[in-house]
Amino acid sequence: MKRFIIKILCFFGIPLLFIIASYIITDPFGTIKPFSLFYKMSPNREYQSFELFKHNFKKQRYNSFIFGSSRGCGLNTYQWKKYLSKSSKPFLFQAWGETLTGIYQKIAYLRNKNIRIQNAIILIDIPGSFSKKQEPTEAIGIKHYELSEKTKLYYQSNLFIAYLKPSEIYNSINAYYHKNPTVINFDTITNDWNKNNKYIKTCPKQDRTLNKDKFISVSETISSPLIDKNMKIVLDSIKKIFNENHTIYKIIVTPAYTKEKINPKDLEILQKLFDKKNVYNYSGNNEITSDKYNFMDINHFDGIVGWKIIEEVYN
Amino acid sequence: MLFNSIQFALFFPIVFILYWFATGKKFQIQNILLLVSSYYFYGCWNWHFLFLLIFSTGLDYFTGLMMADASNKRMKQLWFWLSVCVNLGFLGVFKYYNFFIDSFAELLTNFGLQAHFSTLQVILPVGISFYTFHGLSYVIDIYNDRIKPERNFINYSVFVCFFPLLVAGPIERATHLLPQITKDRVFDYSKAADGLRQILWGLFKKIVIADNCAKFVNTIFDNYQTQSASNLVLGAVMFAFQIYGDFSGYSDIALGTARLLGIELLRNFGFPYFSRDIAEFWRRWHISLTTWFRDYLYVPLGGSRGGKWMSIRNTFIIFLVSGFWHGANWTFLFWGAFHAALFMPLLILGRNRLHTNSVAEGKLLPSFREFIQMMTTFGLVVIGWIFFRAPSIGIAFKYIEGLFSTSLFTLPTVFVGLGKTVFSIFILLVFEWKLKERKHGLELSGLHNGMLRWLIYYSIVLMILEFGASSQSFIYFQF
């Protein structure tokens, strides 16, 4: 038995100690040391968004918010601001694979901190926003501990598990060794993902999309009904907070080249709850989704579409 | 709690340490620990169904005693049928009730009658098919005077609820497992080391093979109408590896875990995709279920004692019941019937026991004839899997219809991650082929070079960490 235990400890223990040490030293996800714009940026967009928000809030006093998944990278708050009151201070909250629960957690956080939500846009992905999957295990998707009300230790242990990939460990050590500089590719005040979006309103088609050849032609499919009892409760809670804040809000069902259309039952639920005039549906086959040049990849519409959507919604 | 979860990685070492160090190696105390751990393990999934599990255990324990103490045969029969009916009743209610009601309503509709029956809104208790069969085998064995009842409730409960086998088998026999539970267990280094190897191999099969294949399988089966024929072939072959990796991976982890606790479980898989005919495939696939049906259904039905036709009838029944055991859907029944149809020619020609040894025994490569036999058998099994995976028989036929198109000769879509999955399958086949005469694909006890052994272990660990797909539940949990 003694021999067995020793061998097990040698087999697992020594590599594990090395990996733990490399995790602490290289800080692969920029979550061990405190957040700073001059330090490593987390690849987890939610962590980065949320930390940036906390970092800036005292000075910026944000009061208008866009909530949604990575599809929010097509929108920009500079354009949005044109349709809001002068006192508006917009901020983009993004999270990889954001679900309704994730959006609610952020809205609830703002309410708990007594931050007024004057204006809001909620971006709905089909089917991602209504996903019933458990919390993502990928480093880019693990929920921020303050939002999901977990402990920091739990959060770090989840990130550590995500770190347990030979390529991840290698890349992290390599970046640390070569002292790769921090790349900031978002607006450090509004958190807009593509800083250039605010300048792009028109652009020749052929210059717009990346990986055009990866676009496979697909026909429209209608999603199965995804809003269940629990999601209705979440939606009700969001609406309640909006009512408390007298928020002016818009719910946008985003376009995707996959052409998956929101189920009419789900759309009806959204329209009933948030009022028909506040719900905009761009899912399924339409003018935007029938043109691949409107997308950076099959899931993400580009900045030009973002401009078009904001214009349509607010005019 | 899944075997491939962090919770289990924390749970099992604690159980292991307590089991060998805190119980004084007394089997009575070890059994209490195993029972508490097993209830915790099961309760992590849904603690409400623990009551059903405990009731089912208590019923079989009690009827076992009553049968043994019965004053006459009539009383013994009464207790026996009570247990059988209640056990099958639970299975019927939780697993098959909605299926029968829906099918009956559909039948009436076909005759122009409108019927509205209410169905049950219940989830299937995980492992119910497995622990019900455990209990049934115990009761049947007592009824047939093959074993004496276990009078200690803890010991009997461990036999039914032992956590490595509780939710997805192997389906154990009282004659095999109970004697191990009722005596002192001795820690055996070589067995424990091999148990760890088997766990590692099981994790590789589950996390690297099955979970990666699942991504392609789901995409292709969910969109079969728009897929090229070559993609449909890819989807079906990937499902063959998914279900093998998933279920045999689970069995490997279960066997390895039990071996670390000094308990040997029944072997469940014997490299089934190296079979040369369907009969051999069924001697190598889900062995504990196949032999269960052989001993508790085929033989009582008369087996082959009544001549060829009785044997054919009984074999057909076994395949249908086996298909239906997997789930309340016509697709599983059809899958069973399909395998029965493949088995029949071998049975009629008396060639069903032609291949009882391992293919290419002692050789590096199979002969051309063996290779063709293996590929043919694999191809037939893959066609069967289409029915197993498809949501309805109609869709399965449409899927097969889609295979007959000129696009069969085009290259399948190169999905993201396909390369690493194919490479992993290649590794799986190489290891299992090399070690096909052993118990599992990583039984390296004959390899004396310790450095090389550790190199192989680390390579497997690295593959699990690097190539492993996100954790998914085991397919056989639904059965």
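The rules behind the values
Residues numbered from 1 in each chain as written. Chains lettered and ligands numbered in written order. Predicted model: local features only at pLDDT ≥ 70, side-chain atom pairs only at ≥ 80, totals over all residues. Heavy atoms only, no water. Helix = DSSP H or I, 4+ residues; strand = E, 2+ residues; numbered from the N terminus. Rg over C-alpha atoms; globule rule 2.2 N^0.38 Å. Buried < 20%, exposed > 50% of the residue type's maximum accessible area, 1.4 Å probe, protein only. Contact = heavy atoms within 4.5 Å. Areas by Shrake-Rupley, 256 points an atom, 1.4 Å probe, with all protein chains shown as cover. Lys, Arg positive; Asp, Glu negative; His and termini not counted. Charge placed at Lys NZ, Arg CZ, Asp CG, Glu CD. Pairing = 2+ DSSP bridges. Axes fitted to C-alpha atoms, helices over the stretch in contact; angles between N-to-C directions. Salt bridge = Lys/Arg side-chain N within 4 Å of Asp/Glu carboxyl O. Phe/Tyr/Trp six-rings, centres within 6.5 Å; stacked < 30°, edge-to-face > 60°. Polar contact = N/O pair within 3.5 Å; in protein donor to acceptor, adjacent residues only side chain to side chain. Core = buried A, V, L, I, M, F, W, Y, C linked by side-chain atoms within 4.5 Å. Domains from an automatic or database assignment. Buried area = accessible area lost by both parts, 1.4 Å probe. Patch = residues over 30% accessible without salt bridge, like charges linked within 9 Å, V, L, I, M, F, W, Y side chains within 5 Å. pLDDT = per-residue confidence, 0-100. Expected span 1.5 Å × (residues − 1). 1 Å grid on protein atoms, 1.4 Å probe; cavity = no way out; pocket = protein on both sides within 12 Å on 5 of 7 lines; lining within 4 Å. Points joined across faces, edges and corners; volume = space filled by probe spheres on them.

1. Considering the overall build of chain B
Within chain B, the secondary structure is distributed over 18 helices and 0 strands. Radius of gyration (C-alpha) of chain B: 23 Å, near the 23 Å computed for a compact globule of 479 residues. The dimensions of chain B, computed from C-alpha atoms along their principal axes, are 70 × 70 × 45 Å. In chain B, buried positions account for 57% of the 479 residues. Put simply, 77% of the contacts in chain B that link residues at least 6 apart link residues at least 24 apart. For chain B, the exposed area adds up to about 21100 Å²; of that, 67% sits on carbon and sulfur atoms. Each charge class in chain B was averaged separately, 38 positive and 26 negative side chains, and the resulting centres sit 5 Å apart.

2. What about the sheet that holds strand E1 (residues 64-68) of chain A?
Residue and element names in this part refer to chain A. Spatially, E2-E1-E3-E5-E7 is the arrangement adopted by the 5 strands of the open sheet, whose pairing is parallel. Single-partner strands in this sheet number two, and they are strand E2 (90-94) and strand E7 (279-281). The sheet shows a mean angle of 15° between the axes of neighbouring strands, direction not considered. For strand E3 (residues 119-124) and strand E5 (residues 248-253), the ladder comprises 6 bridges, and the chain directions are parallel. Paired with Ile121 across the bridge in E5 is Lys250.

3. Re the pattern of salt bridges
Counted by the stated rule, this structure contains 25 salt bridges over all chains. Two residues, Asp125 of chain A and Arg71 of chain A, come together in a salt bridge whose shortest N-O distance is 3.7 Å. Placement of Asp125 of chain A in the loop between E3 and helix H5 (145-148) and of Arg71 of chain A in the loop between E1 and helix H3 (77-81) is noted, with a sequence separation of 54 residues between them. Accessibility assignment for this pair places Asp125 of chain A and Arg71 of chain A in one class, buried. Note that Asp295 of chain B is salt-bridged to Arg294 of chain B, the shortest N-O span being 2.8 Å. The class of Arg294 of chain B is partly exposed, set by a relative accessible area of 42%. One network of salt bridges, with partners in common, ties together Glu46, Glu98, Lys106 and Lys143 of chain A.

4. A word on the packing of aromatic side chains
Residue and element names in this part refer to chain B. One pass over the full model with this rule turns up 102 aromatic pairs over all chains. The interplanar angle of 65° and the centroid separation of 6.4 Å between the aromatic rings of Phe8 and Phe163 together place this pair among those described as edge-to-face. Placement of Phe8 in helix H1 (residues 6-21) and of Phe163 in helix H7 (residues 163-166) is noted, with a sequence separation of 155 residues between them. Residue Phe163 is classed as buried on the basis of its relative accessible area of 0%.

5. Examining the environment of Asn315 of chain A
Residues and elements named next belong to chain A. Here Asn315 shows up in the segment after helix H10 (303-314). For the pair Asn315 and Gln79, spaced 236 residues apart in sequence, the C-alpha to C-alpha distance is 13 Å. Among the polar contacts listed, one links the side chain of Asn315 to the backbone oxygen of Glu311, at a separation of 3.0 Å.

6. Description of the nonpolar core
The biggest cluster of nonpolar side chains holds 155 residues, and the ones touching the most others in it are Phe204, Tyr273 and Trp385 of chain B. Top contributing element to this core by residue count: helix H10 (residues 229-260) of chain B, with 16 residues. Looking at this core, you find at least three residues from each of domain 1 (6-186) and domain 2 (190-276 + 355-478) of chain B. By size, the runner-up hydrophobic cluster in this structure holds 43 residues, among which are Ile103, Met231, Leu267 and Phe274 of chain A.

7. So, the domain arrangement of chain B
Quite often, the size of an interface is put as the accessible area lost when its parts meet. Residue and element names in this part refer to chain B. Assigned domains of chain B: these are domain 1 (6-186) and domain 2 (190-276 + 355-478). Computed from C-alpha atoms alone, the centre-to-centre distance between domain 1 and domain 2 is 29 Å. Counting residues at the interface gives 25 residues for domain 1, matched by 17 residues for domain 2. For domain 1, the biggest contributors to the area lost against domain 2 are Pro164, Ala168 and Pro170; these three give 25% of the whole. Run the count over domain 1 and domain 2 and you get 0 salt bridges. Counting every contact that joins domain 1 to domain 2 gives 4 residue pairs in polar contact (both at pLDDT 80 or more).

8. Quick look at the pairing of E1 of chain A
Residues and elements named next belong to chain A. Most of E1 is tucked away: 5 of the 5 residues are buried. Side chains of E1 alternate between two faces, with Ser64, Ile66 and Gly68 and Phe65 and Phe67 buried alike. Pairing geometry for E1 and E3, over 4 bridges, is parallel. Bridging from a neighbouring strand, Ser64 pairs with Asn119 of E3.

9. Description of a nonpolar patch on the surface
All names here are of chain A. Taken together, the side chains of Leu16, Ile20, Ile24, Ile25, Ile32 and Tyr176 define a hydrophobic patch exposed on the protein surface, amounting to about 500 Å² of accessible area. Per-element accounting of the nonpolar patch gives the leading share, 4 residues, to helix H1 (residues 2-26). Under the relative-accessibility criterion, Ile20 is labelled partly exposed at 36%.

10. Notes on the pairing of E3 of chain A
Burial analysis of E3 of chain A places 6 of its 6 residues in the buried class, which makes it a mostly covered element. Neither face of E3 of chain A is exposed, since Asn119, Ile121 and Leu123 of chain A on one face and Ala120, Ile122 and Ile124 of chain A on the opposite face are all buried.

11. A word on the confidence of the model for chain B
Residues and elements named next belong to chain B. Across chain B, the average pLDDT comes to 90, with 96% of residues at or above 70. By mean pLDDT, the top-scoring element of chain B is helix H15 (residues 368-389) (96), and the lowest-scoring one is helix H4 (residues 73-110) (86). Two summary scores accompany this predicted model of the complex, namely pTM at 0.84 and ipTM at 0.78.

12. Remarks on helix H6 (residues 152-163) of chain A
Given a rise of 1.5 Å per residue, 12 residues ought to cover 16 Å, and the 16 Å separating the end C-alpha atoms of H6 of chain A matches this to within 8%. In this structure, the buried side of H6 of chain A is in contact with H1, helix H2 (45-60), H5 and helix H7 (166-178) of chain A.

13. Quick look at empty space enclosed by the protein
All names here are of chain B. Counted according to the given criterion, the structure contains 1 cavity of 30 Å³ or more. Taken as a whole, the largest cavity encloses approximately 50 Å³ of empty space. Along the walls of the largest cavity sit Phe241, Tyr244, Phe271, Pro272, Tyr273, Phe274, Leu428, Leu429 and Glu432, which together make up its complete lining. Mapped by element, the contributors of at least two residues to the lining of the largest cavity are H10 and helix H17 (418-434). The element best represented in the lining of the largest cavity is H17, accounting for 3 residues.

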